[in-house]
Each structure stands twice: as C-alpha cells, then as structure tokens.
Amino acid sequence: NRCYPIEAKMKILPWQSDIDSQLEISNCDKEICRQKNKAGEDIATYTHRKKEEKSRIQLSQLKNSSSAIFKDFLCCLLDLSYHDRKFFLQFLKFGLNERSVEILQPLYEKYQKCRSNMDAGDKDQEEELDSISAALRTASLGLENFFREMAVMYENLYVLHDKTKNNDIEGIMIRLAEIMAEVVLDGMAFEILDGDAMNCRIEWLKAVLEQIQCQHEKEARIFRVSVLGAQSCGKSTVLNTAFGLNFPVSSGRCTRGAYMQLVKIDSKLSEILNCEYVLVIDSEGLMSRALDNRPTYDNELATLIIGLSD
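Residues numbered from 1 in each chain as written. Predicted model: local features only at pLDDT ≥ 70, side-chain atom pairs only at ≥ 80, totals over all residues. Heavy atoms only, no water.

It is worth spelling out the overall build of the chain at this point. From N to C terminus, the chain includes 13 helices and 4 strands. In terms of overall size, the chain behaves like a compact globule, its C-alpha atoms giving a radius of gyration of 20 Å where 310 residues would be expected to give roughly 19 Å. Summarising its shape, the C-alpha atoms of the chain cover approximately 60 × 55 × 40 Å along the three principal directions. Going through the 310 residues of the chain one by one, you find that 44% of them count as buried. Total accessible area computed for the chain in this model is approximately 16500 Å², and 54% of it derives from carbon and sulfur atoms. Both charge centroids of the chain, one from 39 positive and one from 48 negative side chains, sit 1 Å from each other. (Helix = DSSP H or I, 4+ residues; strand = E, 2+ residues; numbered from the N terminus. Rg over C-alpha atoms; globule rule 2.2 N^0.38 Å. Buried < 20%, exposed > 50% of the residue type's maximum accessible area, 1.4 Å probe, protein only. Areas by Shrake-Rupley, 256 points an atom, 1.4 Å probe, with all protein chains shown as cover. Lys, Arg positive; Asp, Glu negative; His and termini not counted. Charge placed at Lys NZ, Arg CZ, Asp CG, Glu CD.)

So, on to the layout of surface pockets. Put simply, the largest pocket is a space of about 1300 Å³. With 7 residues, the single largest contributor to the lining of the largest pocket is helix 10 (residues 202–214). Across the lining of the largest pocket, the residue classes break down as 22 nonpolar, 7 polar and 15 charged. (1 Å grid on protein atoms, 1.4 Å probe; cavity = no way out; pocket = protein on both sides within 12 Å on 5 of 7 lines; lining within 4 Å. Points joined across faces, edges and corners; volume = space filled by probe spheres on them. Nonpolar A, V, L, I, M, F, W, Y, C, P; charged D, E, K, R; others polar.)

All right, on to the pairing of strand 1 (residues 190–194) then. By the criterion of burial, strand 1 is predominantly enclosed, with 5 of the 5 residues buried. Pairing of strand 1 with strand 3 (residues 257–264) involves 4 bridges; the strand directions are antiparallel. The residue bridging Phe190 from the neighbouring strand is Met260, located in strand 3. (Pairing = 2+ DSSP bridges.)

In this section: a nonpolar patch on the surface. A cluster of nonpolar residues, Leu269, Ile272 and Leu273, forms a patch on the protein surface that exposes about 300 Å² of accessible area. When you line up the elements, Leu273 lands in helix 12 (residues 267–273). Look at Leu273 and you get partly exposed, because its relative accessible area is 45%. (Patch = residues over 30% accessible without salt bridge, like charges linked within 9 Å, V, L, I, M, F, W, Y side chains within 5 Å. Salt bridge = Lys/Arg side-chain N within 4 Å of Asp/Glu carboxyl O.)

On to the sheet that holds strand 1, then. Neighbouring strands of a sheet are bound in pairs by backbone hydrogen bonds; such pairs are parallel or else antiparallel. Read across the open sheet, the 4 strands follow the order 1-3-4-2; overall the sheet is mixed. In this open sheet, the two edge strands, each paired with only one partner strand, are strand 1 and strand 2 (222–226). Direction aside, neighbouring strands of the sheet carry axes that sit 20 degrees apart on average. As paired elements, strand 2 and strand 4 (residues 277–283) share 5 bridges and run parallel to each other. Each residue of the ladder has a partner; that of Phe223, found in strand 4, is Val278. The sheet contacts of helix 9 (residues 167–185) involve strand 1, strand 3 and strand 4, and relative to strand 3 the element is tilted by about 70 degrees. (Axes fitted to C-alpha atoms, helices over the stretch in contact; angles between N-to-C directions. Contact = heavy atoms within 4.5 Å.)

This part takes up helix 8 (residues 143–164). In this model, helix 8 (22 residues) spans 32 Å end to end at C-alpha, consistent with the 32 Å of a helix rising 1.5 Å per residue. With 16 of 22 residues buried, helix 8 lies mostly within the body of the structure. Taken from the residues just after helix 8, Lys165 is the one with a positive phi, measuring 55 degrees. (Expected span 1.5 Å × (residues − 1).)

What follows concerns unusual backbone geometry. Its identity is not glycine, yet Met198 carries a phi of approximately 50 degrees, on the positive side. Here Met198 is to be found in the loop between strand 1 and helix 10. Overall, the relative accessible area of 11% leaves Met198 in the buried class. A positive phi angle, close to 60 degrees, is found at Asn274, a residue other than glycine. Relative to the helices and strands, Asn274 resides in the loop between helix 12 and strand 4. The partly exposed category is assigned to Asn274, whose relative accessible area is 49%.

Here it is as structure tokens:
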C-alpha cells in the first residue's frame, strides 16, 4: 500500500487512530487519580462515574471491528514458529521504517530549514513550524503502532470481560499478553506510554509483565535504567550503543512517549550486579514544539520516567 502513512494508519489501525477517544480515556484516568473537577461530588461516586465514562468509550470502540491487515498481523504472531515470527517482525519493521523515512525525511529537512531561518516573534513562521511539527508527529507508521493496537484491543476486551465474565474473551486476553511477553523477551521494544494520547495502559502493562515473570521459576530481579533529555540530543543512540539495543534513531522516527527493552544479564555478572535483567527505558525528548501544552506534558513525562527508574 503506497498511500500516505497517516491514511494507512487510519485504515489498518482504526482504534488507536481514533485519537479523540484515546484522549478522552486518558483524561478519565487522570481525573480518577487527581479528582480536580468533582466540584463537591462524593469521591466514590465521582470515581465510579468517571470509570463508567471510560468504559462506555472503550466498549463503543469494540463496535468497530479491527482491520483485515491487523487480523493477519495477529495470526502471524500467534501461528508462526519462533524463528519465522522473528524474521516476520524484523522484515515488517524495516519495511515500515523505510517507507516512513521516505515521507518524513523531506518534512524533517523542511523543519530544520524553517527553524534556522525563523525570526524571533514572527507568528507566521512559528505557525508554519508548528504545522510541520504536527505533520512529523502523525506521518509515521511503524511496528510500534501495531503493538499499540494490541494494547488498545486488550484494554477494550478487559472492560468487556469485566462486564460479561466470558471465558473465551479471557482466553484471548491471556494469549495476547503471552505473545507480547515472548516478543519482549526476544528483544523487541515495548511501549509503556502512548506519546500521542499521553496514556499509560495499566492493565496491558500488568498482564505482559506478569507473563514475563511467568517465564521464570523464581521472581526475576530487575534493575531499571532510564534516559531523559531534550529532543534530538542522542538519548536513544546512547542507549543503543551502551546496551546493544535497537530503539529508533532515524531522522523523523524519533521516540514518542516511552518504551522499554529487557536486557538479559550473564549468570556470572548477575551475581555481581544482583539482578537478572536490566530494564532500559527510552523516553521522548523534552522541549519540543509539537504540543501546545508542552510544559505540562514535559512535567508529566519527566515525573513518570524518573519514578520508574532506579
């Protein structure tokens, strides 16, 4: 499919592309924790109302079926052997990245040119720069987007299972978490924060991490390392070089939100470090022009990244 990535994303991955719904879900989660707008309403009543509001949005998404291409993607994950699945994911990843860079490289060069020629206080140039930033943010389609659709699917099914207690739905949920855990253990990056909706899908994270833990006879000790800094200052490159990872670093394919990768420690070294794994967390750059509420976003992102890390 040679269509523009944003058009392909909406057709292939409709649930995450419904960004308004994802933002509403994210706002419900924040409000349940913060209780900023309850306006004298009882805390328990207000919390229940916000949870029901979130559930209605998630259940409404399930009325729209997933795309045929995404279903094929899931079938490949579930049915292929270990080596065939690894080849499939790498092949898909490189193909999507190559196509995205074709679109994003001219936009990135336009952004750099506009930024270098911008005069202080020129509103027209600032608006153009913001427009290019928005295009860069939405025009990429990568493997991470397919995994994000799995996360949205799991969270929606979680609500449906909570309402119906259907064993078949529970089986699908367990299998989704199992296959994602296997992919993470194979060395694939795992999204822990959706940078487009600023949404952390807690139930999905818990399920995948529990399945990772099930791979070990005893509880694995994990040391957590994270990186935080300005946009395009080389955070992903440093992590890739230090730990031999593959966080995206290509022009225009920079990190959105936050991702993690597990690094298995050699048995002898694990005794010295007192851990079996290093959990490496890569984060989106601070001080970008891409969002109007950038200071708030940066504060929330920094709080999460620092809080997760040892």
